[in-house]
Amino acid sequence: GTEFDAGKFRAAFHTQEKITKSHIAVLGARMGQELFEMTSKAMPLPVENDTCVHNRSVGNILPPEGASFDELMDWYAGEILGQIPCMRMMDPTGRKKLYNDPSVAGIIYHTVKFCDFYSFEYAEIKNHIDVPLLKIESDYTIQSSGQLLTRLEAFAESIQPETLEQTIDGDTKGERKMGKGYFAGIDSGSTSTDVVILNKDHEIVTSIILPTGAGAAIGADRALAEALKEAGLQREDIDALVTTGYGRTAIKNGDKSITEITCHARGAHFLNPEVRTVIDIGGQDSKVIRLDENGAVANFVMNDKCAAGTGRFLEMMARTMEMNAQSKATDDIVHGLNKAVAVKTAALTRRVGGEEKYMMTGGVSKNKGLVKTLEEKLGTKLVISDKAQLCGALGAALFAADMADV
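Residues numbered from 1 in each chain as written. Predicted model: local features only at pLDDT ≥ 70, side-chain atom pairs only at ≥ 80, totals over all residues. Heavy atoms only, no water.

Draft legend 1. Spatial organisation of the nonpolar core. Formed by 31 residues in total, the largest nonpolar core has its most connected members in Ile 24, Met 43, Ile 108, Ile 136, Leu 152, Ile 289 and Phe 300. When contributions to this core are tallied by element, the ones reaching two or more residues are β1 (23–28), α2 (33–42), β4 (133–138), α5 (145–159), α7 (260–271), β11 (286–291) and β12 (297–303). In terms of residues, this core owes the most to one element, α5, which gives six residues. Beyond its immediate sequence surroundings of up to four residues, Leu 152 is in contact with Met 38, Thr 39, Ala 42, Met 43, Ile 108, Leu 134 and Ile 136. Among the nonpolar cores identified, the runner-up in size contains 18 residues, and Leu 27, Cys 52, Tyr 99 and Ile 125 belong to it. (Core = buried A, V, L, I, M, F, W, Y, C linked by side-chain atoms within 4.5 Å. Buried < 20%, exposed > 50% of the residue type's maximum accessible area, 1.4 Å probe, protein only. Helix = DSSP H or I, 4+ residues; strand = E, 2+ residues; numbered from the N terminus. Contact = heavy atoms within 4.5 Å.)

As structure tokens, this is what we get:
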């Protein structure tokens, strides 16, 4: 019963401002607003939402004033038919312009749980671009926000690694006065909290591994205090402190927070510059990181969906076997558990494009049975450093050293 109002029709259209300078493009399935805001906050460059629905827009030129209803509808129909196609359409080739934009410095590709449509496009993009690419999955919410944030921040660090060397309190590198020449890294994991203190020559002064306990912040304070005591230092002797690990943001006495992805890469490169693939089986997730010749992150994948690929799985199964071996030989069960974790980890390694040399970091690297099984699956030997469990904290301490004029 209402009449068509040409004025209201025209007023309903707004020109979509496209980012023309260097930016990060979010592509794929529609991303929830909370996750997009988290993504935008984590990135070092402007972020444009080009996911499904958000990339819809009409031309800048509307029909002239006084155009008839039929003329307006004819224009509108043409604009609708000219939209970037959905992945569900028979011919989605028009979507290529989303990732062929020369101002795109990196792509975050969003897929939805239980939907395979966008996985096909991700595979296509992966083979036709030369900018950093990250795939994330959600159910339109920010469940598992900690792991999502780790992925996003690690991706951001790989795009602009120079931001990792920012100095403390805004001082320009080279202008900050030298302190005592000690730098600390804290790796706050779900199982253990590790601390490494370096001197100005990048030599390890002391290192500590303690159970995390009930809270990341409390565990970090306790581990740092123990490390300082062992080194004969005071907190004020530490020129810079970088935190990493799942509990990094809960630690308030650090100068900077860097993801465990980037810190494990830095630590592994320091321990062995020939390493190109790092495998870290942690308490909450497993990570495989591919490095370039400078030790920077070239690519990474994480297993954060299934506990069967993590150290916590091995820990819990070990406790279970102490209670009941269910008439199976214990060594057979252990081999089966190691094989299950090794298969999942080898699959992650193939996804990231793993290449020689391989290094395994973290506490699980002490599991000789798992190391042997994983070596069989990969067809190569793993480099196991005596400082494997300290790799994340070591990388964090090295970044702390970067923050001052040494």
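Now that the structure has been shown, we can carry on.
Draft legend 2. How the structure looks around the confidence of the model for the chain. Within the chain, residue pLDDT values average 85, and 87% of them lie at 70 or more. When pLDDT is averaged over each helix and strand of the chain, the minimum, 55, is found for helix α8 (residues 311–323) and the maximum, 96, for strand β14 (residues 382–383). In this model residues 172–176 is a low-confidence stretch, pLDDT under 50, and it forms twelve contacts with partners more than four residues away in sequence or in other chains. (pLDDT = per-residue confidence, 0-100.)

Draft legend 3. Focus on the sheet that holds strand β6 (residues 192–199). The five strands are arranged β7-β6-β5-β8-β9 in an open sheet whose pairing can be described as mixed. The outermost strands of the open sheet, each flanked by one partner alone, are β7 (204–211) and β9 (256–257). Note that strand β8 (residues 238–244) and β9 share two bridges and pair parallel. Residue Val 242 lies in a different strand from β9, and its bridge partner there is Lys 256. (Pairing = 2+ DSSP bridges.)

Draft legend 4. The arrangement of unusual backbone geometry in detail. The linkage connecting Glu 356 with the following residue, Lys 357, adopts the cis geometry, with an omega of -10°. Considering the arrangement of structural elements, one finds Lys 357 in the loop between α9 (330–352) and β13 (358–361). Phi at Val 53 is positive, roughly 85°, even though this residue is not glycine. With a phi close to 65°, His 202 is a non-glycine residue in the positive phi region. Here His 202 lies in the loop between β6 and β7.

Draft legend 5. Focus on the pairing of β12. In terms of burial, β12 is largely enclosed, as six of its seven residues are buried. In this sheet, β12 lies alongside β11 in antiparallel orientation, the contact comprising six bridges. Each bridged residue has a counterpart across the sheet, and for Ile 289 the counterpart in β12 is Phe 300. Counting the residues that bridge the hairpin from β11 to β12 gives five residues, and of these Gly 295 lies at a positive phi of roughly 85°.

Draft legend 6. The arrangement of the pattern of salt bridges in detail. Evaluation of the coordinates by the stated rule reveals 14 salt bridges. A salt bridge links Glu 121 to Arg 95; the nearest nitrogen and oxygen atoms lie 2.6 Å apart. Placement of Glu 121 in helix α4 (residues 117–126) and of Arg 95 in the loop between α3 (69–81) and β3 (104–112) is noted, with a sequence separation of 26 residues between them. With respect to burial, Glu 121 and Arg 95 carry one shared label: buried. (Salt bridge = Lys/Arg side-chain N within 4 Å of Asp/Glu carboxyl O.)

Draft legend 7. Quick peek at the packing of aromatic side chains. Under the definition given, this model contains nine aromatic pairs. Ring centres 5.0 Å apart and planes at 75° place the aromatic pair Phe 9 and Phe 13 in the edge-to-face group. Each of the two residues, Phe 9 as well as Phe 13, counts as buried. With a centroid separation of 6.4 Å and 80° between ring planes, the pair formed by Phe 9 and Trp 75 is classed as edge-to-face. Note that Phe 9 is positioned in helix α1 (residues 6–11) and Trp 75 in helix α3, a separation of 66 residues in sequence. (Phe/Tyr/Trp six-rings, centres within 6.5 Å; stacked < 30°, edge-to-face > 60°.)

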